[in-house]
Structure formats: C-alpha cells, structure tokens
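# Fold and geometry: a report
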Amino acid sequence: MARYTTLRLGGAARRLETATSAEQIVQKVQEAQGRDEPVLVLAGGSNVVIGDQGFPGTVVLVRSRGFRVVAEDADTVTVRVEAGEPWDDLVAATVANGWSGLECLSGIPGSAGATPIQNVGAYGQEVAETITGVQVYDRTAGSVGRIAAADCGFAYRGSIFKYSDRWVVLSVDFRLTRSPHSTPVRYAELARALDVEVGGRVPLADARATVLRLRAGKGMVLDAADPDTWSVGSFFTNPVLEREAYELLRERAADLGEPPSWPGAGDVVKVSAAWLIDKAGFAKGHPGPEGVAISTKHTLALTNHSGTATAAALVALAREIRDGVHDRFGVTLHPEPVLINCVI
Ligand SMILES: Cc1cc2nc3c(=O)[nH]c(=O)nc-3n(C[C@H](O)[C@H](O)[C@H](O)COP(=O)(O)OP(=O)(O)OC[C@H]3O[C@@H](n4cnc5c(N)ncnc54)[C@H](O)[C@@H]3O)c2cc1C
C-alpha cells in the first residue's frame, strides 16, 4: 500500500478495488462484505499509517469526482461534493467562485469525503463550521442515508466516523457564504502574515495564497521532491487537559516558561504538542531508525525521510517521542492518523 499513502508506507492488501462513483463505492464495499473480508476505505492516504503486514482484506480506493450546487439563496450556496474529490481542488474552486468558508483550509492533502472523519481543520477554520450533512452508506443497516451535521459528533480532530468503519462517506454538503472576503481570520500567525487584526477579513484569494505560503514553509503541502512532506501532517493531536493536569504540567515545565495553551470548551486547556515534543528534547530533524525522522520544518510531522523505511521504524520513532514527552511532562500524546494493522 506504500504507493497509496503519503507516508509511502504499508504492506500489501489482499485485494485492491477502485470505485469512481458513489454507486461503485457501495457496490465494492458490499461485495467485500459478501466475501466476509475486512474492508478498508481509502482515499488520499494522507491520514493513515498502514503496517508492514498490509491489509488482510479489500481496500476500496475512493476515486469519485465532482461537486454541484444543490441549494442556494441570495447569501449562501450549498455544494454537494463527491467523496473522492481532491480537497484542495474543491477549495481552489470555492475561492474562484467567491464562496467563503473553506479558504483557510487550502493546501490540505486528501479527499473531500475524508474531511468529516477527523473534522479537518487548520489556521482557525474547521469543516464542522460549513458541513450541513453527509451522505453515507451505513454498513450495519446496509442502506444509504444522510447524517445531519448536528449528528456527526464533530469535535477537535474527531467525529462519530473516526475509528468506526460503520459509515462510508459518499458525499458531503458544505454551506458557504457568497462573499469575496474570507471568514474572520482567527489564527494569530495568519493574521500577522496578512497584516490584519485577528477577526479581520481579507480577499479570499489572499487568504488562500498566504495559507499556502505558510504551509509550504512548514512542509505541510505535499511535494514529491521534498521528503519533509512525506508524512501524515501532524502526527500527534494537541493534548486537551483537565485543569488539574494542566496545573501539573505547568509545575513540571516551570523552568521552561509558560507552555503555549488555548482555553477549550468547559474547564479544559489545549496545549501545544509541538512545544511539548521540542522541550522534551526532540528537535526538528530528530532521527529515528531506517531514515525516519521528525521533519526539518515542523516538529509535529514524522516523516519517512529516506523513502525506504518500514512502518515499524516510524512507529518506533512515534513511541520514542510519546514516551519521552510522558517522562518529561506527564502528558500522553495521542496519534492523529488512523493506524491500520499497527500500534504505537
Ligand atoms: C502534508 C500534510 C498536511 C496535512 N495537514 C492537515 C491539516 O492541516 N489539518 C488536518 O486536519 N489534517 C491534515 N492532514 C491530514 C490529512 O490530509 C487529512 O486528514 C485528510 O482529510 C485525509 O484525507 P484522505 O483522503 O487522505 O484520507 P485517508 O488517509 O485516505 O483516510 C483517512 C481515514 O479516513 C477514512 N476514510 C477516507 N475516506 C473515507 C470515506 N469516503 N468514507 C469513510 N471513511 C473514509 C479512512 O478509512 C481512514 O480511516 C495533513 C496530511 C499531510 C500529509
């Protein structure tokens, strides 16, 4: 599977099927179920770590394309996007059409259909803000239906879809605002780069171009020539700590200054995984076995830098970092990608 994942890792699948429409996705999944085989629905392969043993069943590659307007009024358009549509092609089209709401999510690899899975987010936007519903094939019920956004369980890098193979996403509805301007810029680094106050709005094309530039500088835009991008993006989520755990962290980090943090919903605090990793002694470029390494541009990205490593080597590096951070700060990091046939 290495050639189907951005980490360039993963052993063989027993069977590989390509589906180019929603109907074919359902059909291929049903056929595999009929053979009593496990099924892995895979699109861009940019958020999975597939183990060296591969996958003992059918991998259905989602390659459906396109989007269309399904509702509109004076202020908004609702677009229905086929699951396999490359995400950044969609974002580019919305910016070109003057539809505001996805511009800060420019440059994220993968498919539109995978964005609800972990409520994809970056630079102050997340898809939960614009998704109105998701068309799914429910493998348990054996039927096609629609799940409204309120029932998707969207959370920080999560939803009811993550770690569940019950639902196969066939298409996603996004409601976008007709506007030549971005949504209010929430992310301080982006606001600085755009030379606006946090909360200001900028032309859509400026938001997109600046996000792409910032992301490229961090190795967060796929580039076949740049091994720093042979990753799954951020490997660990930012830990969300109860107040007590946060105060313990502050004590243990007292010699390092205040850990960067953001208030969460309720009495929880989200802390920077990149800061924890760096301060635990894992700098950019930190090497693991077989040429895996932390990206030289971003502390959170673990890369198959040599292009020839095994998933076991990547997992070993991830473990070393997770354990090192735990030993130093008492905080457990959790992986952001979906691990298939491997464990950390
Ligand atoms: C360089 C780089 C930068 C990144 N930056 C970001 C970022 O800024 N923010 C962010 O949130 N993510 C980021 N990611 C992670 C990743 O791009 C996103 O999570 C993306 O949405 C994954 O899409 P995909 O099509 O590649 O999914 P895959 O990797 O193919 O699949 C991921 C998971 O979703 C499931 N899945 C995929 N399609 C479907 C479907 N149609 N129905 C049901 N299940 C499905 C798979 O089974 C798997 O469990 C980055 C990755 C890379 C490599």
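I will try to describe carefully the structure that is included in this document. This is a predicted model, so every value here is computed, not measured.

Around the ligand, the structure places 32 residues, and the nearest of them are Val-41, Ala-43, Ser-46, Ser-111 and Arg-215. Interatomic distance of 2.9 Å between a backbone N/O atom of Gly-45 and an oxygen atom of the ligand. Residue Ser-111 places a side-chain N or O atom 2.7 Å away from an oxygen atom belonging to the ligand. In isolation the ligand exposes 970 Å². Once the protein is present, 93% of that is buried.

Among the nonpolar cores identified, the biggest contains 38 residues, and Trp-87, Leu-102, Val-134, Phe-174 and Leu-190 are the most heavily contacted of them. Sorting the residues of this core by element identifies strand E6 (76-82), helix H2 (87-97), strand E10 (131-138), strand E12 (167-178), helix H3 (188-194) and helix H4 (204-217) as the ones contributing at least two each. With five residues, E12 is the largest single contributor of residues to this core. Leaving out residues up to four positions away in the same chain, Val-134 has contacts with Pro-116, Gly-145, Arg-146, Ile-147, Cys-152, Phe-161, Val-169, Ser-171 and Val-172. Listed in part, the 35 residues of the second largest apolar core include Leu-249, Ala-274, Val-315 and Ile-321.

A few words now on the sheet that holds strand E4 (residues 55-62). Strand order in this open sheet of three strands is E1-E4-E2, and the pairing throughout is parallel. Unpaired on one side and paired on the other, strand E1 (13-19) and strand E2 (39-42) mark the two borders of the sheet. Strand-to-strand twist of the sheet, defined as the mean angle between neighbouring strand axes without regard to direction, takes the value 25°. Where E2 and E4 come together, four bridges link them in parallel fashion. The residue bridging Val-41 from the neighbouring strand is Val-60, located in E4. Seen against the sheet, helix H1 (residues 22-34) touches E1, E2 and E4 and runs at an angle of roughly 155° to E1.

Rules behind the numbers
- Residues numbered from 1 in each chain as written.
- Predicted model: local features only at pLDDT ≥ 70, side-chain atom pairs only at ≥ 80, totals over all residues.
- Heavy atoms only, no water.
- Near = heavy atom within 4 Å.
- Polar contact = N/O pair within 3.5 Å; in protein donor to acceptor, adjacent residues only side chain to side chain.
- Areas by Shrake-Rupley, 256 points an atom, 1.4 Å probe, with all protein chains shown as cover.
- Core = buried A, V, L, I, M, F, W, Y, C linked by side-chain atoms within 4.5 Å.
- Buried < 20%, exposed > 50% of the residue type's maximum accessible area, 1.4 Å probe, protein only.
- Helix = DSSP H or I, 4+ residues; strand = E, 2+ residues; numbered from the N terminus.
- Contact = heavy atoms within 4.5 Å.
- Pairing = 2+ DSSP bridges.
- Axes fitted to C-alpha atoms, helices over the stretch in contact; angles between N-to-C directions.

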